[in-house]
There are 2 protein chains.
Amino acid sequence: MDNLESYYQSRFAARTQRIQASTIREILKLTTQPGFISFAGGLPAADLFPIERIAEATQRILQAHGAQALQYSTTEGYLPLREWVAGRMPGATPEHVQIVSGSQQGLDLIGKVFIDPGSKVLVEAPTYLGALSAFNPYEPEYISVGMDEEGLQLDELEAALKAHHFKFMYVLPTFQNPSGRLMGLERRKAIVELARKYQTPILEDDAYAELYFSGKPLPTLYALDQELGGGNVVYLSTSSKTLAPGLRVAWVVGPKPVIQKIVYAKQGADLHTPTLNQMLVYELVRDGEWFQAQIGKIRHTYQTRRTWMLEALQKYMPEDIGWIVPEGGMFFWLTAPAQLDSLELLKQAVEEKMAFVPGQPFYADGSGKNTLRLSYSSASHEQIAEGIKRLGRAVHKMLGREPVV
Amino acid sequence: MDNLESYYQSRFAARTQRIQASTIREILKLTTQPGFISFAGGLPAADLFPIERIAEATQRILQAHGAQALQYSTTEGYLPLREWVAGRMPGATPEHVQIVSGSQQGLDLIGKVFIDPGSKVLVEAPTYLGALSAFNPYEPEYISVGMDEEGLQLDELEAALKAHHFKFMYVLPTFQNPSGRLMGLERRKAIVELARKYQTPILEDDAYAELYFSGKPLPTLYALDQELGGGNVVYLSTSSKTLAPGLRVAWVVGPKPVIQKIVYAKQGADLHTPTLNQMLVYELVRDGEWFQAQIGKIRHTYQTRRTWMLEALQKYMPEDIGWIVPEGGMFFWLTAPAQLDSLELLKQAVEEKMAFVPGQPFYADGSGKNTLRLSYSSASHEQIAEGIKRLGRAVHKMLGREPVV
């Protein structure tokens, strides 16, 4: 035991030994210094958390059902909340719903239930980094499929589905983290049909489902699959983006055979999601009028911040930096000329006291070195204007050009 | 997709396909009927939950730090709570502490970090069923070591340590769930020394640490290992048995190389334990005087209920049913003559409208058919007297004898 590092290193599982410290994580630790402007974290706007409402609801719950709220509860989750979730999903009953401790836990449990070492999983390029962190311990082999402005490219997708046997395909159709893309209706229909044709279940991650800035929300892949008979989509969403992420309450909706296995996996993983937190989320969402107004506030605020960031990008970025203007969600996704390495850019940006997340970790195939993610959800007008100005300086310096300002 | 069951069955991971529905779970579902007396669940007494204190503390936290309490937070956990935990463990700093979503999650993450398929893990016979549920998905091979009244038998333990290379040994020295055993000081010292001699890390599960009915708590294995240089014990405890299990706040304390890996594993598993819940637990435990009084109440109540159950067992059980009188914790562990199968007894008991947990699932080696667990923590005097009377009738019937009453 003289050298604890090597004592334990030789005792860790193979999956653990592959984990390496993240350079990006180390760099981003610097961003808590005063004067720093960070667009790195995907943090919902704390100024929109319904703090008073949560305080009132907690009192009501503890007064009326304190013993229940503080006791162990069933692994499946709080029944009224499961009923509420089921009520929003076509064809679903509470037996199709499992409450989880954040979407992240949903991803972990689905990985645990489906993935053997070497199992193939189809992912978008780019995809959500946290899903890769959740799946990696189960040692899948990823096949990445490219995207255009509307999401997964159909020809490439079909070729992959034809060539491989996948445990599932992981898709974020609505304001994808990181790219902010919204998959259109026709693309959604085509993907649901292809998945059924090639008998590949879809895992639909819909964390940003409510964050449309305008227009009518598109049907989920779950709903479209339901129209074709159902059973081929496992759906994941959360209260983190509409109420408060610190409560860690999310849900999986899926075919009963899948939910049954998730129940067992969750029982071994954490017994159940905190009872009080589940009751609290239900107490908030059950008042539909209030909940819609809360969502409305978030939409309006994020849209405003999105527009501020768009204006700043237009002002401070050189013309060969590209982006899709997000119509919802929390992120801008930038694509730079191929020679610009965004990890190097981050080092330069940190010198300017601003930060973002380099794009490469969002690609399971290791590409995307010239991409980066900016979050506007938690920033003020001033922070956005100044932060993008600093990023502009760093970009111009990296590209060997004179900055605009 | 016509047959969803087989469609998904062929897509599940190997670890999932091994999961079978539990007969016991199915039987215990019946116990929610009116008139049923169940000693099956290991439920802390809800009448002792500090509901008002929790309500007040929640208000204070939300008023003063609402945005923080509801926002994402670090994977490692809320620093003041980590400091409080570290302050109770000799030689520990907050860097040795990881907050987890219940002890159950600690077990899952340690399984994920250490266990490869076929890895050997040493367990007590019997051991905590939930640990087996947590470890099983990582496919270990268990080696069970027998116990006497004081815990693991030293000669058997040393023979196992000599014969196998273990990832770790899993030990519950204090009021073990299920057997209620308290490991004595000399046994503790000997086990810590043997583990160091054979370079086998100890995972110490100390969920019942505070529930001594009398006397001075014995030093933890963690503390004893620390006296010999430290680094060989990973320690797990929780707020579930002293405050409220529904909050799901527990902690792992261990050597830094282990904690670092657990941080990564937890990040993939659920990002972090709910911020509000961590702040709430800290807000309660920081008032040491109140917290000690709360623990005092629990000790006194459980001791009283333990004594009620002891009296009922003495009255209604035949002489060839044995037990250890627990000096703390929540459980009686009964051993019947070898011919009595406690799963069959459960079916008989359910006829009598009472329930317990059969002992076999607590044995990794499948033995223990003639054992069973009774929880007294949540039961009234009347329930205990009547419930044990019913159990007595079932036992006498199974053994083909005339009941006492």
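Residues numbered from 1 in each chain as written. Chains lettered and ligands numbered in written order. Predicted model: local features only at pLDDT ≥ 70, side-chain atom pairs only at ≥ 80, totals over all residues. Heavy atoms only, no water.

If you look chain A up in an unreviewed UniProt entry, it shows as 2-aminoadipate aminotransferase from Meiothermus hypogaeus NBRC 106114.

Comments concerning the overall build of chain A
To keep it simple, the criterion reads: Strands are runs of DSSP state E lasting at least 2 residues, helices are runs of H or I lasting at least 4, and numbering of each runs from the N terminus. This radius of gyration counts C-alpha atoms alone. The globule rule is 2.2 Å times how many residues there are, raised to the power 0.38. Burial status follows relative accessibility: with a 1.4 Å probe on protein chains alone, a residue under 20% of its type maximum counts as buried, one over 50% as exposed, and anything between as partly exposed. Two residues form a contact once any of their heavy atoms are found within 4.5 Å. Accessible surface area values rest on a Shrake-Rupley calculation with a 1.4 Å probe, where residue burial reflects the displayed protein chains alone.
Summing up its helical and strand segments, chain A has 15 helices and 14 strands in all. In summary, chain A has a C-alpha radius of gyration of 22 Å against a globular reference of 22 Å for 405 residues, a match within 12%. When the 405 residues of chain A are sorted by exposure, 62% land in the buried category. Taking the contacts inside chain A whose residues are at least 6 apart along the sequence as the reference set, 73% of them involve residues at least 24 apart. As displayed, chain A offers around 14700 Å² of accessible surface, 49% of which is attributable to carbon and sulfur atoms.

Re the interface of chain A and chain B
Stated precisely, the cut-off is as follows: A simple way to read buried area is as the amount of 1.4 Å-probe accessible surface that goes missing from two parts once joined, with both sides added. When a carboxyl oxygen of Asp or Glu lies within 4 Å of a side-chain nitrogen of Lys or Arg, that pair is called a salt bridge. Gly counts as polar in this scheme, as do all residues outside two lists: the nonpolar Ala, Val, Leu, Ile, Met, Phe, Trp, Tyr, Cys and Pro, and the charged Asp, Glu, Lys and Arg.
Counting residues at the interface gives 83 residues for chain A and 82 residues for chain B. For the chain A and chain B pair, buried surface summed over both sides reaches about 7100 Å², with 58% attributable to carbon and sulfur atoms. It is A:Arg11, A:Leu70 and A:Tyr72 in chain A that bury the most area against chain B; as a group they hold 10% of the surface buried on that side. Connecting chain A to chain B are two salt bridges. Taking the shortest distance from any N to any O, the salt bridge between B:Lys112 and A:Asp108 comes out at 2.8 Å. Those elements that provide at least two residues to the side of chain A that touches chain B are helix H1 (4–9), helix H2 (14–17), helix H4 (51–70), helix H6 (103–114), helix H7 (129–135), helix H11 (256–270) and helix H12 (275–285) of chain A. The element best represented in the side of chain A that touches chain B is H4(A), accounting for ten residues. Looking at the side of chain A that touches chain B residue by residue, the class counts come to 40 nonpolar, 29 polar and 14 charged.

Here's the deal with the packing of aromatic side chains
Here is the rule: Planes of paired rings set the category: under 30 degrees apart is stacked, over 60 is edge-to-face and the rest tilted, where pairs are Phe, Tyr or Trp rings (Trp by its six-membered ring) whose centres lie within 6.5 Å.
In total, this model carries 32 aromatic pairs over all chains according to the counting rule given. Relative to A:Phe291, the ring of A:Trp84 lies with its centre 5.9 Å away and its plane at 70°, an arrangement referred to as edge-to-face. Pair noted here: A:Trp84 is in helix H5 (residues 79–88) and A:Phe291 is in helix H13 (residues 288–316), with a separation of 207 residues, a long-range link. The two residues A:Trp84 and A:Phe291 agree in class, both being buried. Judged by centre distance (4.8 Å) and plane angle (75°), the rings of B:Phe175 and B:Tyr212 are edge-to-face.

Concerning the UniProt feature "domain: Aminotransferase class I/classII large" (unreviewed entry) in chain A
The condition that has to hold: UniProt positions are given in the numbering used here, feature names are shortened, and annotations may be inferred rather than shown by experiment.
Here the UniProt feature "domain: Aminotransferase class I/classII large" (unreviewed entry) sits at residues 48–391 of chain A. In the segment residues 48–391 of chain A, helix accounts for 45% and strand for 16%; the C-alpha atoms at its two ends are 27 Å apart.

Re the pairing of strand E6 (residues 166–171) of chain B
Residue and element names in this part refer to chain B. Basically, it comes down to this: Think of it this way: DSSP has to see at least two bridges between two strands before they count as a pair. Crossovers are marked right-handed if the path from the first strand over the helix to the second runs clockwise, as seen with the strands pointing away from the viewer.
Most of E6 sits out of view: six of its six residues are buried. By the bridge criterion, four bridges tie strand E3 (residues 120–125) to E6 in an arrangement that is parallel. Each residue of the ladder has a partner; that of Lys120, found in E6, is Phe166. Bridge analysis of E6 against strand E7 (residues 202–205) gives three bridges, and the strand direction is parallel. Bridge pairing in E7 places Tyr170 opposite Leu203. For the segment spanning E6, helix H9 (residues 185–197) and E7, crossover handedness is right-handed.

A look at the pattern of salt bridges
Once their charged atoms are close, side chains differing in charge can pair, the charge on each being opposite to the other. This structure, assessed with the given rule, holds 38 salt bridges over all chains. Across the pair B:Arg196 and B:Asp225 runs a salt bridge, and its minimum N-O distance is 2.6 Å. Within this pair, whereas B:Arg196 is found in helix H9, its partner B:Asp225 is found in helix H10 (residues 221–227), the two being separated by 29 residues in sequence. The same class applies to B:Arg196 as to B:Asp225, namely buried. A salt bridge links B:Arg286 to B:Glu283; the shortest N-O distance between them is 3.3 Å. Within the structure, one salt-bridge network assembled from shared partners comprises A:Arg60, A:Glu283 and A:Arg286.

Looking at H5(A)
One turn of an α-helix holds 3.6 residues; hence residues three or four places apart share an orientation. For H5(A), the complete set of buried residues consists of A:Leu81, A:Arg82, A:Trp84, A:Val85 and A:Ala86. Where the residues of H5(A) are buried, they touch strand E2 (97–100), strand E9 (250–253), H12 and H13 of chain A.

Some remarks on the domain arrangement of chain A
Residues and elements named next belong to chain A. Stated precisely, the cut-off is as follows: Boundaries of every domain are those given by an automatic assignment or by a domain database. Distance and chemistry together define a polar contact, namely a pair of N or O atoms within 3.5 Å, with one atom able to donate a hydrogen and the other to accept it when in protein, and with adjacent residues in sequence counting only for side-chain atoms on both sides.
Along its sequence, chain A is carved into domain 1 (13–42 + 291–398) and domain 2 (51–286). Contacts between the two partners involve 25 residues from domain 1, matched on the other side by 32 residues from domain 2. Of the roughly 2700 Å² buried between domain 1 and domain 2 on both sides combined, carbon and sulfur atoms contribute 65%. Linking domain 1 with domain 2 are one salt bridge. Among the ionic pairs, Arg299 bridges to Glu210, the shortest N-O distance being 4.0 Å. Connecting domain 1 to domain 2 are eight residue pairs in polar contact (both at pLDDT 80 or more). Elements represented by at least two residues in the side of domain 1 that touches domain 2 include exactly H13 and strand E11 (331–335). Here the element with the most residues in the side of domain 1 that touches domain 2 is H13; it accounts for eight residues.

Some thoughts on the relation of the copies chain A and chain B
For the pair of chain copies, the relating operation is a rotation around an axis with a shift along it. This is how it is decided: Our superposition of the copies is a least-squares fit, built on the C-alpha atoms of residues whose pLDDT is at least 70 in both.
The transformation that overlays chain A on chain B combines an axial shift of 0.0 Å with a rotation of 180°, and the residual RMSD is 0.0 Å. Both copies of the chain, as the preceding transformation shows, are related through a two-fold rotation axis. Of the residues that chain A buries at the interface, 99% are likewise interface residues in chain B, meaning the two copies contact each other through the same surface.

Concerning the nonpolar core
What tends to happen in soluble globular proteins is that the nonpolar side chains get buried as a cluster. This is how the line gets drawn: Definition used in this section: a nonpolar core is a set of buried Ala, Val, Leu, Ile, Met, Phe, Trp, Tyr and Cys residues joined via side-chain atoms within 4.5 Å.
Counting residues in each nonpolar core, the largest one holds 112 residues, and the members touching the most others are A:Met169 and B:Met169. Within the second largest apolar cluster, 66 residues are counted, among which are B:Ile115, B:Val121, B:Phe168 and B:Ile262.

Remarks on the sheet that holds strand E13 (residues 357–358) of chain B
Backbone hydrogen bonds hold the strands of a sheet together, and the pairing may be parallel or antiparallel. All names here are of chain B. A sheet is described by the order of its strands in space; here four strands give the open sequence E10-E11-E14-E13, paired in antiparallel fashion. Lying at the two open borders of the sheet, with one neighbouring strand each, are strand E10 (322–323) and E13. With five bridges joining them, strand E11 (residues 331–335) and strand E14 (residues 371–375) adopt antiparallel strand pairing. Across the sheet, Phe331 pairs through a bridge with Ser375, a residue of E14.

With respect to the pairing of E11(B)
Walk down a regular strand and you will see the side chains alternate between the two sheet faces. Residue and element names in this part refer to chain B. Most of E11 is tucked away: four of the five residues are buried. Bridge count for E10 against E11 is two bridges, and the pairing is antiparallel. Residue pairing for E11: Gly322 is matched across the bridge by Thr335.

Here's the deal with the packing of H6(A) against helix H11 (residues 256–270) of chain B
Under the convention used in this document: Structural elements are reduced to axes, namely lines fitted to C-alpha atoms, with helices fitted over the stretch in contact, and the angle between N-to-C directions of any two is expressed from 0 to 180 degrees. Oblique is the label for any angle not covered by the other classes, which are roughly parallel (under 35 degrees), roughly antiparallel (over 145) and roughly perpendicular (65 to 115).
Packing of H6(A) against H11(B) leaves a shortest axis separation of 5 Å and a crossing angle of 100°. For the element pair H6(A) / H11(B), the angle class is roughly perpendicular. Listed contacts from H11(B) to A:Gln104, A:Gln105 and A:Asp108 of H6(A) are B:Gln267, B:Gly268, B:Ala269 and B:Asp270. By residue class, the composition of the contact of H6(A) with H11(B) is one nonpolar, four polar and two charged.

Focus: the environment of A:Pro358
Residue and element names in this part refer to chain A. Among the structural elements, Pro358 can be located in strand E13 (residues 357–358). Classification of Pro358 as buried rests on a relative accessible area of 1%. Between the C-alpha atom of Pro358 and that of Pro274, which follows or precedes it by 84 residues, the distance is 34 Å. Beyond its immediate chain neighbours, meaning those up to four positions away, Pro358 contacts Ile24, Ser342, Leu343, Leu346, Thr371 and Leu372.

Comments concerning the sheet that holds strand E6 (residues 166–171) of chain A
Residues and elements named next belong to chain A. Read across the sheet, eight strands follow the order E2-E9-E8-E7-E6-E3-E4-E5 without closing on themselves; strand pairing throughout is mixed. Two strands bound the open sheet, and with one partner strand each, they are E2 and strand E5 (151–152). Pairing of E2 with E9, which is carried by four bridges, proceeds in the antiparallel orientation. Considered in E9, the bridge of Gln98 is made with Val252. Across the sheet, H6 is in contact with E2, E6, strand E7 (202–205), strand E8 (233–238) and E9; its angle to E8 comes to roughly 155°. This element, helix H8 (residues 154–163), spans strand E3 (120–125), strand E4 (141–148), E5 and E6 of the sheet and lies at about 160° to E4.

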